Amino acid sequence: MERVHNFNAGPAVLPEEVLREAQADLFNYKGMGLSVMEMSHRSKEYQAIIDETNAAVKRIYGLDENYEVLFLHGGASLQFLMVPMNFATQGKIANYINTGQWSKKAISEAKKAGKPVHVAATSEDRNFSYIPKTWIFSEHPAYLHITTNNTIFGTEWKIDPDVPKSVPLIADMSSNFMSKPIDARKYDLIYAGAQKNVGPAGCAVVILKKSLLEQMNTNLPTMLDYNTHVNNGSMYNTPPTFTIYMIGLVLKWIEDFGGLKMIEQNNIAKAKYIYDAIDASNGFYKGTVDKEDRSLMNITFRLPSEDLENQFISEAKKNGMIGLKGHRDVGGCRASTYNALPLPAAHALSQFMVDFQQKNG
Ligand SMILES: *Cc1c(COP(=O)(O)O)cnc(C)c1O
């Protein structure tokens, strides 16, 4: 059977080469007589896997020994809580830029952790259809938290924002992690659920600057304390071993692809097919966000009616294109075009959009 064109928002498409390699390794990993899933996380073979995955994260983002890479359970959602618990220290205020549902959840967890929160900017006034270009810090900011790609609303930060040196910059990059070159050294902490761009579900990748650990809360519950995981190389408890192995394969695929510059070019080409179809449709398809803030990863659009949207989604499915339904909170359509989505899939969708409009426009 042919594989479908998979526009799922997450868990999402993985590179075919990675799936084939995992398949070949699954029964008997490199002649060891067992699979990665069945290995002790304390074995030297597994240590080599996690060490290489860790090193690849740093290599791809150009980071040195001043950074730690962690692989943690609980997805990005647990990071919403761990960040304020660890870094919103006494007398300081956690600053957030609110660009949609995921930012709101991050803010909500900071409040639940009992921390004072300041919303430094928000795009809620226009239903999160843009990225704020200015923001106002509170007094004594503990950090600034941003969501670099808004998976549900379809906006993306095009810059790595400048903040004063005294304010740590923290970013939820779940849905555009490793999708383009960034100035990673501007960030003090980056986190991302693996299941959008770098692997299957089950793991958050966290990159943190070691200096951030010098200014954090103490006496935290063991599993919620970043120091626990730093001091134990992400192996305080059993890590999500198979997911980390898969992330390693995806990162190798990114490097073989030519690194983030090439990945970005491919992502731009894919998104262009689909945005061009929207822009050439004379309003049949309506993009839902400001053009300058359009995401390369999650392309959101509406059709003239909900009936047409449902018809579009079901006919696309019959044509081998799945995952085009918008998030349940916002409706409409969404095409997620993560790294591993092949260029021909985006082309096929743009063709389908033109055909569908001709028949129904
Ligand atoms: C998917 C997503 C999350 C949630 O990730 P989990 O790993 O499911 O907790 C958080 N933030 C953003 C931007 C996302 O896209």
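Summary of the structure given here.

The rules behind these values
The residue numbering used here restarts from 1 in each chain and proceeds along that chain's sequence as written. This being a predicted model, a pLDDT of at least 70 is required before a residue's local features are given, and a value of 80 or more before pairs of side-chain atoms are given or counted; all residues contribute to the totals for chains, interfaces and linings. Side-chain measures were taken over the full set of non-hydrogen atoms in the model, leaving aside hydrogen atoms and water. Pairing of aromatic side chains here covers Phe, Tyr and the six-membered ring of Trp, requires ring centres within 6.5 Å, and sorts the geometry by plane angle: under 30 degrees stacked, over 60 edge-to-face, intermediate tilted. Only DSSP runs of H or I with at least four residues qualify as helices, and only runs of E with at least two residues qualify as strands; both kinds are numbered from the N terminus onward. For every residue, the accessible area obtained with a 1.4 Å probe (protein chains only) is divided by the maximum for its type, and the residue is called buried under 20%, exposed over 50%, and partly exposed between those limits. For helices, the axis comes from a line fit to the C-alpha atoms of the stretch in contact; other axes are also lines fit to C-alpha atoms, and the angle between any two N-to-C directions lies between 0 and 180 degrees. Oblique is the label for every angle not falling under 35 degrees (roughly parallel), over 145 degrees (roughly antiparallel), or within 65 to 115 degrees (roughly perpendicular). A clockwise turn of the near helix away from the far one marks a right-handed crossing, whereas an anticlockwise turn of less than a right angle marks a left-handed crossing. Contact between two residues is taken to exist if any of their heavy atoms lie within 4.5 Å; hydrogens are not considered. Three residue categories are used. Nonpolar comprises Ala, Val, Leu, Ile, Met, Phe, Trp, Tyr, Cys and Pro, charged comprises Asp, Glu, Lys and Arg, and polar comprises the others, including Gly. By this definition, two strands are paired if DSSP reports at least two bridges between them. What makes a salt bridge here is a side-chain nitrogen of Lys or Arg within 4 Å of a carboxyl oxygen of Asp or Glu, nothing more. Here a residue counts as near a molecule or strand whenever at least one of its heavy atoms sits within 4 Å of it. The term polar contact refers here to a pair of N or O atoms within 3.5 Å; inside protein, the definition further demands a hydrogen-donor-capable atom paired with an acceptor-capable atom, and it admits residues adjacent in sequence only when both atoms are side-chain atoms. Surface accessibility in these figures is a Shrake-Rupley result with a 1.4 Å probe; residues are shielded only by whichever protein chains are displayed.

**Considerations on the packing of aromatic side chains**
Summed over the entire model, instances satisfying the criterion amount to 18 aromatic pairs. Note on Tyr29 and Tyr245: the rings are 5.9 Å apart at their centroids and 85° apart in plane angle, and the pair reads as edge-to-face. Of this pair, Tyr29 sits in the loop between helix 1 (16-26) and helix 2 (44-61) while Tyr245 sits in helix 6 (residues 241-257), and the two are 216 residues apart along the sequence. Each member of the pair, Tyr29 as well as Tyr245, is classed as buried. Plain terms: the ring middles of Phe80 and Trp102 are 6.4 Å apart, the flat faces sit at 40° to each other, and that makes the pair tilted. Pair noted here: Phe80 is in helix 3 (residues 75-87) and Trp102 is in helix 4 (residues 101-112), with a separation of 22 residues, a long-range link. The exposure class of Phe80 is buried, given its relative accessible area of 3%.

**A few points about the packing of helix 3 against helix 4**
Two quantities define a packed helix pair, namely the angle between the axes and the distance from one axis to the other. It is at 8 Å that the axes of helix 3 and helix 4 come closest, and there the two elements cross at 45°. Taken together, the axes of helix 3 and helix 4 lie oblique to each other. Considering how the two elements wind past one another, helix 3 and helix 4 form a crossing that is right-handed. Every residue of helix 4 that contacts helix 3 at Ser77, Phe80, Leu81 and Pro84 is listed here: Trp102, Lys105, Ala106, Glu109 and Ala110. Counted by class, the contact of helix 3 with helix 4 contains 6 nonpolar, 1 polar and 2 charged residues.

**Observations concerning the sheet that holds strand 14 (residues 333-336)**
Within the open sheet, the 3 strands sit side by side as 11-12-14. Their pairing is antiparallel. The outermost strands of the open sheet, each flanked by one partner alone, are strand 11 (286-287) and strand 14. Here 2 bridges tie strand 11 to strand 12 (residues 298-302), and the two strands are oriented antiparallel to one another. From the neighbouring strand, Lys286 faces strand 12, where its bridge partner is Arg302. Helix-sheet contacts for helix 7 (residues 260-279) involve strand 11, strand 12 and strand 14, and the interaxial angle to strand 12 is about 15°.

**Digging into the pattern of salt bridges**
Counting across every chain of the model gives 18 salt bridges. Lys133 is the salt-bridge partner of Glu292, the closest N and O atoms lying 3.6 Å from each other. Of this pair, Glu292 sits in the loop between strand 11 and strand 12 while Lys133 sits in the loop between strand 4 (117-122) and strand 5 (141-147), placing them 159 residues apart in sequence. You can call Lys133 partly exposed: its relative accessible area is 48%. Between Lys272 and Asp276 there is a salt bridge, with the nearest N and O atoms lying 2.6 Å from each other. In this pair, Lys272 and Asp276 are both assigned in helix 7, 4 residues apart and thus about one turn of the helix distant. You can call Lys272 partly exposed: its relative accessible area is 49%. Judged by relative accessible area, which is 34%, Asp276 ranks as partly exposed. Counted as one network, the salt bridges with shared partners bring together Glu52, Arg59 and Glu255.

**A look at the site of the ligand**
Near the ligand there are 13 residues, and of these Ser77, Thr151, Asp172, Gln195 and Lys196 occur at the shortest range. The contact in question runs from an oxygen atom of the ligand to an N or O atom on the side chain of Ser77, over 2.6 Å. At 2.6 Å, a side-chain N or O of Asp172 approaches a nitrogen atom of the ligand. If the ligand stood free it would expose 390 Å²; the protein chains cover 87% of that surface. Considering every element that reaches the shell around the ligand, the biggest residue donor is helix 3, with 4 residues. A class-by-class count of the residues in the shell around the ligand yields 3 nonpolar, 8 polar and 2 charged.

**Re the packing of helix 8 (residues 306-318) against helix 9 (residues 343-360)**
It is the contact of helix 8 with helix 9, at a shortest axis distance of 11 Å, that shows an interaxial angle of 130°. In terms of orientation, helix 8 lies oblique with respect to helix 9. Crossing of helix 8 against helix 9: the hand is right-handed. Where helix 8 approaches helix 9, its residues Leu308, Gln311, Phe312, Glu315 and Ala316 are matched on the opposing element by Leu349, Phe352, Met353, Phe356 and Asn360. Classifying every residue of the contact of helix 8 with helix 9 by side-chain character gives 7 nonpolar, 2 polar and 1 charged.

**Examining the environment of Ser336**
Tracing the sequence through the fold places Ser336 in strand 14. The exposure class of Ser336 is buried, given its relative accessible area of 1%. Put simply, Ser336 and Ile152 are 184 residues apart on the chain and 9.9 Å apart in space, counted from C-alpha to C-alpha. Residues contacting Ser336, with those up to four places away along its chain left out, are Asn6, Phe7, Asn8, Ala9, Met297, Asn298 and Leu341. For Ser336, the side chain forms a polar contact with the side chain of Asn298, separated by 2.9 Å.

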